[in-house]
Amino acid sequence: MNGTGRALLRLFSVQGVWNYERMLGVGVGYAAEPLLEDLKAKDPVRHSEAVVRSAEFFNCNPNLAGLAVGATVRAEYDSAPGPQIARLRTALCSPLGALGDQLFWAGLLPALVGAALVVVVLGGGLWGIIGFLVAYNIVHVWTASWSLRTGLAAGMGVGAAIGSSWVPRSIPRVGLAAGFAVGLAAPIVANWYLDPFGRLSVVAVLLVAALGVVSGRLFGPRMTGGRFALVAVLLTLVCRLILR
Amino acid sequence: MIVTPLVLLSLIVWGTLVGLDLVSVAQTMIARPFVAGGVAGVLLGDPMAGLRAGVLLELFALDVLPVGAARYPDYGPATIAATVVLAGAPWELSLGLAGTIGLLVSVLGGWSLQQLRRMNAEAVQRHAAALAAGDSAAIRRLQYAGILRDAVRSALLTAVGLAGAWGAQRWLTLDRRTAVALTLVVIGAGLAAAIGGALRSAGRGPRRNWLAAGLVVGAAVAAFL
């Protein structure tokens, strides 16, 4: 396997040693290593400096990390000055983080999960899971490959390459699909669970749900869905104990 | 339900893979609760229990945005524990307890991820001189050790979750009314989590309209079912 293929494989474990010190830095260095091998023979000193730079602090969405890996490696081969490459890495953190988070975590993922939940509860069962995994990973693997290839081709001009690519254009569309899919899934999943229960139970569930949404809005990120659920369970158990 | 040693082992292996998938390796989304639960259900011989537990915890997972250095729950191994509670039992009476066990294990998983990140940082500090010297082998060692640490974390978390599930089945006997009430509470809280997360992501833009449209169409479909 050539260096690009090995780097692509390594991108799938770019968060393998995620930490508060360098965040994705060491993982990016690990992914860049096969691409930097040719530099070792040409210019060992430059290679050593490039390896040091490749593993310094870096953070972004892991799905777009290939853009940073490719661009910085290309810049090393183009003999760009070290401080300029370090500035490029710093400059890429925020946009690659924001674009990747919006595209994947707030867009594609909830869109596909919402659709898969509908398939699962409407009788598709495990096929809904298989369809979800196949659809997500086609985009996941293709994006990783595209990121690395684009970064390698663009080098220091990666910012312009990202700006004119499909990534910023697709975010609003994927976001709308995510909103619709989660909205579609919620009542269908609720019906799947509440089918065997009476009307009073349905009203009780809707009340708990409304209370949960309101408390989330009131208390913000401190009151996550999980925390609200644990508080509600605790209150239910206490009420049941008192009523006994 | 009696879990044989082979099934127990396969659940721990599955939990380890699922835990690794969350952050460290691949991120193929097998860590999503409905995937983790579906496979755990198949391993336990009760796929429906896995889907019931998985879909419930998926509603909570939709509330989570795993961005930057945020602390977030680990729902994968947690769903496996919840599935064990639910397998072979009437779901209407066990979903509340299963969901509660799952949520508690997910919180423990979130805490374990914090510890893992601290341990990784300490390892990076120990190798600071080698990294400053441009030693590629040090980068590889750090990477493999980090993945190994996460594998151990995931296996331990799954084992603790399974022990919790076993303990809950054995010692927590709820009367019928309490069991049903807990089931309804976790379903309601799950729906709140999913809708709350969607509202937060939607902001005030057109995405909110699409969310509303989805809710209307979903309610219409549910009414016809």
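Residues numbered from 1 in each chain as written. Chains lettered and ligands numbered in written order. Predicted model: local features only at pLDDT ≥ 70, side-chain atom pairs only at ≥ 80, totals over all residues.

**Details of the overall build of chain B**
For chain B, the count of helices and strands is nine helices and zero strands. Ordered by position from the N terminus, the helices and strands of chain B form the series α-α-α-α-α-α-α-α-α. With respect to the three principal axes, the spread of C-alpha positions in chain B is 65 × 50 × 25 Å. Counting all 225 residues of chain B, 57% fall into the buried class. In chain B, once contacts between residues fewer than 6 apart in sequence are set aside, the share between residues at least 24 apart is 73%. (Helix = DSSP H or I, 4+ residues; strand = E, 2+ residues; numbered from the N terminus. Buried ≥ 20, exposed ≤ 12 C-beta atoms within 10 Å, placed from the backbone. Contact = placed C-beta atoms within 7 Å.)

**Here we look at the overall build of chain A**
A count of helical and extended segments in chain A gives 10 helices and zero strands. Along chain A, helices (α) and strands (β) appear in the sequence α-α-α-α-α-α-α-α-α-α when read from the amino end. By the compact-globule yardstick of 18 Å for 244 residues, chain A is too spread out, its C-alpha radius of gyration being 23 Å. Once the C-alpha set of chain A is aligned to its principal axes, its extents read approximately 80 × 35 × 30 Å. Across the 244 residues of chain A, 52% fall into the buried class. Within chain A, contacts between residues at least 6 apart in sequence are counted, and of these 73% link residues at least 24 apart. (Rg over C-alpha atoms; globule rule 2.2 N^0.38 Å.)

**Re the interface of chain B and chain A**
Counting from both sides, the interface comprises 79 residues of chain B and, opposite them, 75 residues of chain A. For the side of chain B that touches chain A, the secondary-structure elements that each account for two or more residues are α2 (33-44), α3 (47-61), α5 (91-126), α6 (128-132), α7 (136-171), α8 (176-202) and α9 (206-224) of chain B. When residues in the side of chain B that touches chain A are grouped by element, the largest group, 19 residues, is from α8 of chain B. When the residues that make up the side of chain B that touches chain A are grouped by side-chain class, the tally is 51 nonpolar, 20 polar and eight charged. (Nonpolar A, V, L, I, M, F, W, Y, C, P; charged D, E, K, R; others polar.)

**Digging into unusual backbone geometry**
One non-glycine residue, Ser79 of chain A, lies in the positive phi region at around 60°. Relative to the helices and strands, Ser79 of chain A is located in the loop between α4 (65-77) and α5 (82-124). Among the residues examined, Ser79 of chain A registers 9 C-beta atoms within 10 Å and is labelled exposed. In this structure, Ala26 of chain B takes a positive phi of about 80° despite not being glycine. Following the sequence through the fold, Ala26 of chain B ends up in the loop between α1 (5-22) and α2.

**Examining the packing of α3 of chain B against α5 of chain B**
Residues and elements named next belong to chain B. Remark: α3 packs on α5, axes separated minimally by 10 Å, with the N-to-C direction vectors making an angle of 50°. Looking at the two axes, α3 sits oblique to α5. Seen from above, α3 lies across α5 with right-handed handedness. Contacts between α3 and α5 involve Ala49, Arg52, Ala53, Leu56, Leu57 and Phe60 from the former and Trp91, Leu95, Ala98, Gly99, Gly102 and Leu103 from the latter. (Axes fitted to C-alpha atoms, helices over the stretch in contact; angles between N-to-C directions. Parallel < 35°, antiparallel > 145°, perpendicular 65-115°, else oblique. Left-handed = near helix turned anticlockwise from the far one by under 90°.)

**Re α3 of chain B**
Taking 1.5 Å per residue as the helical rise, α3 of chain B with its 15 residues ought to reach 21 Å, and the 20 Å between its terminal C-alpha atoms agrees with that figure. Along α3 of chain B, 14 of the 15 residues are buried, which leaves the element largely enclosed by surrounding structure. (Expected span 1.5 Å × (residues − 1).)

**Regarding the environment of Phe104 of chain A**
Residues and elements named next belong to chain A. Tracing the backbone shows Phe104 in helix α5. As for Phe104 and Asn2, which are separated by 102 residues in sequence, their C-alpha atoms are 28 Å apart. Ignoring sequence-local partners within four residues, the contact set of Phe104 consists of Asn61, Asn63 and Leu109.

**Looking at the domain arrangement of chain A**
Once the domains are mapped, chain A shows domain 1 (3-196) and domain 2 (197-244). In this structure, domain 1 of chain A and domain 2 of chain A have C-alpha centres spaced 37 Å apart. (Domains from an automatic or database assignment.)

**Some details on the environment of Leu8 of chain B**
Residues and elements named next belong to chain B. Tracing the backbone through its elements, the reader meets Leu8 in helix α1. For Leu8, a count of 16 C-beta atoms within 10 Å gives the class partly exposed. Taking the C-alpha atoms as reference points, Leu8 and Leu162, 154 residues apart in sequence, are found 8.5 Å from one another. Setting aside residues up to four positions removed in sequence, Leu8 forms contacts with Val3 and Leu162.

**Considering the environment of Val42 of chain B**
All names here are of chain B. Tracing the backbone shows Val42 in helix α2. The class of Val42 is partly exposed, set by 17 C-beta atoms lying within 10 Å. Apart from residues no more than four positions distant in its own chain, Val42 is found in contact with Pro47 and Gly50.

**Topic: the packing of helix α10 (residues 225-243) of chain A against α8 of chain B**
α8 of chain B packs onto α10 of chain A with a crossing angle of 160° between their chain directions and a minimal axis gap of 9 Å. By the angle between their directions, the pair α10 of chain A and α8 of chain B is classed as roughly antiparallel. Pair α10 of chain A / α8 of chain B crosses with right-handed handedness. Residues Gly225, Phe228, Ala229, Ala232, Val233, Thr236 and Arg240 of chain A of α10 of chain A form the contact with α8 of chain B, whose participating residues are Thr178, Ala181, Leu182, Val185, Val186, Ala189, Ala192, Ala193, Gly196 and Gly197 of chain B. Residue composition of the contact of α10 of chain A with α8 of chain B, by class: 11 nonpolar, five polar and one charged.

**Remarks on helix α8 (residues 166-194) of chain A**
Between its first and last C-alpha, α8 of chain A extends 41 Å over 29 residues, near the 42 Å set by a 1.5 Å rise per residue. Taking burial as the measure, the 29 residues of α8 of chain A include 22 buried ones, the bulk of the element.

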